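# Architecture and fold: a report
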Amino acid sequence: MTSTKDRERTELQTAQFNLSSYLAERKALVEAALDRSLPVAYPEKIYEAMRYSLLAGGKRLRPILCLATCELAGGTIDAAMPTACALEAIHTMSLIHDDLPAMDNDDYRRGKLTNHKVYGEDIAILAGDGLLARAFECVALETQGVPADRVLQVIVRLGGAVGAAGLVGGQVVDLESEGKPDISLETLNFIHTHKTGALLEACVVCGAILAGAGTAELQKLSRYAQNIGLAFQIIDDILDVTATQEELGKTAGKDLQAQKATFPSIWGLEESKAQAKKLVDDAKAELAAFKEAAIPLSALADFITNRTH
Ligand code: GRG
């Protein structure tokens, strides 16, 4: 049991935690590992296309979450790094495919031309496929010092998060909902818990699995991730209305243009912000039992609602 005093102390420590230097330090580790994870070989063109998107920047939130939960549960950064890289590779491949003319048809991503704009649609599809395959290979081949059954559990979680019960399913319902601004809140929730939430949950849970966390810990971390996943998407929808293309690194105002149902279109901006805040508070409450060890995760939850891009 955690007392009110304990909670207040952790809240204060979270507020004092230097998140920007933590993020900068972790991001640098992840960038270096991603670079090493995909050396150029023959046929160079496909490796270059894969590296173009994988190394195009981005917040690296998913690998950072994975490293953070591995450490929280008593594991090391080294043990989680191959899985962290795999999660970023999966995320990147989903962005490449999402940007294709057959899907969102976007010209810019992470402040750069989209993969298909530079390499053509054929190579962009293959670059996504190559990254997806490399992700699984990376976990299976490069995870060291972790019992094989944990690595297997990670592979199972990743497969579930990517497939029809995760990202792919969310994207299908999103495509089916196009041009239907009156879809229900239930459908909107389905889209985002699958399209965005499933992978964020896998990041958090896989890091903890690698460290040997027990079922009760995994359940708490899973609920933390589900809450921040939905808050993340609500903020994304809010930013689509309020931020500029420069801030976002991608086309702004697309949802409105496409007459897409979004959280602000259903709730309005103020209620959307309030709902995101509540989800973040609920997420942080799940961390109470981990005390000081959860400060980075708690600060990350705040970062998600305070971000401007
Ligand atoms: C996974 C096999 C497979 C196919 C892809 C296209 C597709 C199926 C799914 C779409 C997934 C998608 C694009 C979800 C949106 C996720 C999202 C909120 C992206 C923005 O994430 P940030 O803000 O971006 O973390 P950065 O650039 O910082 O990494």
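For the structure given in this document, a descriptive report is provided here. All figures in this text were calculated on a predicted structure; none of them were measured in a lab. (Residues numbered from 1 in each chain as written. Predicted model: local features only at pLDDT ≥ 70, side-chain atom pairs only at ≥ 80, totals over all residues. Heavy atoms only, no water.)

A separate point is the overall build of the protein chain. Regarding its fold elements, the protein chain presents 16 helices and two strands. By the compact-globule yardstick of 19 Å for 309 residues, the protein chain fits well, its C-alpha radius of gyration being 19 Å. Counting only C-alpha atoms and orienting by the principal axes, one finds that the protein chain spans roughly 55 × 50 × 35 Å. By residue count, 50% of the 309 residues in the protein chain fall in the buried class. Considering only contacts within the protein chain whose residues lie at least 6 apart along the sequence, 72% involve residues at least 24 apart. Here the protein chain has roughly 14,000 Å² of accessible surface; of this, 54% comes from carbon and sulfur atoms. (Helix = DSSP H or I, 4+ residues; strand = E, 2+ residues; numbered from the N terminus. Rg over C-alpha atoms; globule rule 2.2 N^0.38 Å. Buried < 20%, exposed > 50% of the residue type's maximum accessible area, 1.4 Å probe, protein only. Contact = heavy atoms within 4.5 Å. Areas by Shrake-Rupley, 256 points an atom, 1.4 Å probe, with all protein chains shown as cover.)

Our next topic: the packing of helix α15 (residues 269–286) against helix α16 (residues 295–306). Packed helix pairs are specified by the crossing angle of their axes together with the interaxial distance, meaning the distance between the axes. Contact pair α15 / α16: the axes reach a minimum separation of 9 Å and the direction vectors enclose 175°. As summarised for this structure, α15 and α16 are arranged roughly antiparallel, according to the angle between their axes. Residues A276, K277, V280 and K284 of α15 touch α16, and the partners they reach there are S298, A301, D302 and T305. A class-by-class count of the residues in the contact of α15 with α16 yields three nonpolar, two polar and three charged. (Axes fitted to C-alpha atoms, helices over the stretch in contact; angles between N-to-C directions. Parallel < 35°, antiparallel > 145°, perpendicular 65-115°, else oblique. Nonpolar A, V, L, I, M, F, W, Y, C, P; charged D, E, K, R; others polar.)

Counted according to the given criterion, the structure contains three aromatic pairs. Relative to Y119, the ring of Y52 has its centre 5.6 Å away and its plane inclined at 75°; by these criteria the two rings are edge-to-face. Of this pair, Y52 sits in helix α3 (residues 44–54) while Y119 sits in helix α6 (residues 115–119), and the two are 67 residues apart along the sequence. For Y52, a relative accessible area of 16% corresponds to the buried category. (Phe/Tyr/Trp six-rings, centres within 6.5 Å; stacked < 30°, edge-to-face > 60°.)

What follows deals with the nonpolar core. Counting 90 residues, the largest nonpolar core has L65, Y224, L297 and L300 as its most contacted members. No other element matches helix α10 (residues 185–210), which puts 13 residues into this core. Excluding its chain neighbours within four sequence positions, the residues that come into contact with Y224 are L65, V204, A283, E286, L287, L297, L300 and A301. (Core = buried A, V, L, I, M, F, W, Y, C linked by side-chain atoms within 4.5 Å.)

On the secondary structure map, E201 appears in helix α10. Buried charge E201 goes without a salt bridge, the closest partner of opposite sign being R157 at 4.9 Å. A distance of 2.5 Å separates the side chain of E201 from the side chain of S222, its partner in a polar contact. Every residue in contact with E201, bar those within four places of it in the chain, is listed here: S222, A225 and Q226. (Lys, Arg positive; Asp, Glu negative; His and termini not counted. Salt bridge = Lys/Arg side-chain N within 4 Å of Asp/Glu carboxyl O. Polar contact = N/O pair within 3.5 Å; in protein donor to acceptor, adjacent residues only side chain to side chain.)

With that out of the way, let us pick up the site of the ligand. Around the ligand, a shell composed of 19 residues is seen, among which K59, R62, H91, R110 and Q171 lie nearest. Taking K59, its side chain carries an N or O atom lying 2.6 Å from an oxygen atom of the ligand. The contact in question runs from an oxygen atom of the ligand to an N or O atom on the side chain of R62, over 2.8 Å. Of all the elements in the fold, those that place two or more residues in the shell around the ligand are α5 (77–99), α9 (167–176), α10 and α11 (215–242). Among the elements that line the shell around the ligand, the one with the most residues is α5, at five residues. Class assignment for the residues of the shell around the ligand results in seven nonpolar, six polar and six charged. (Near = heavy atom within 4 Å.)

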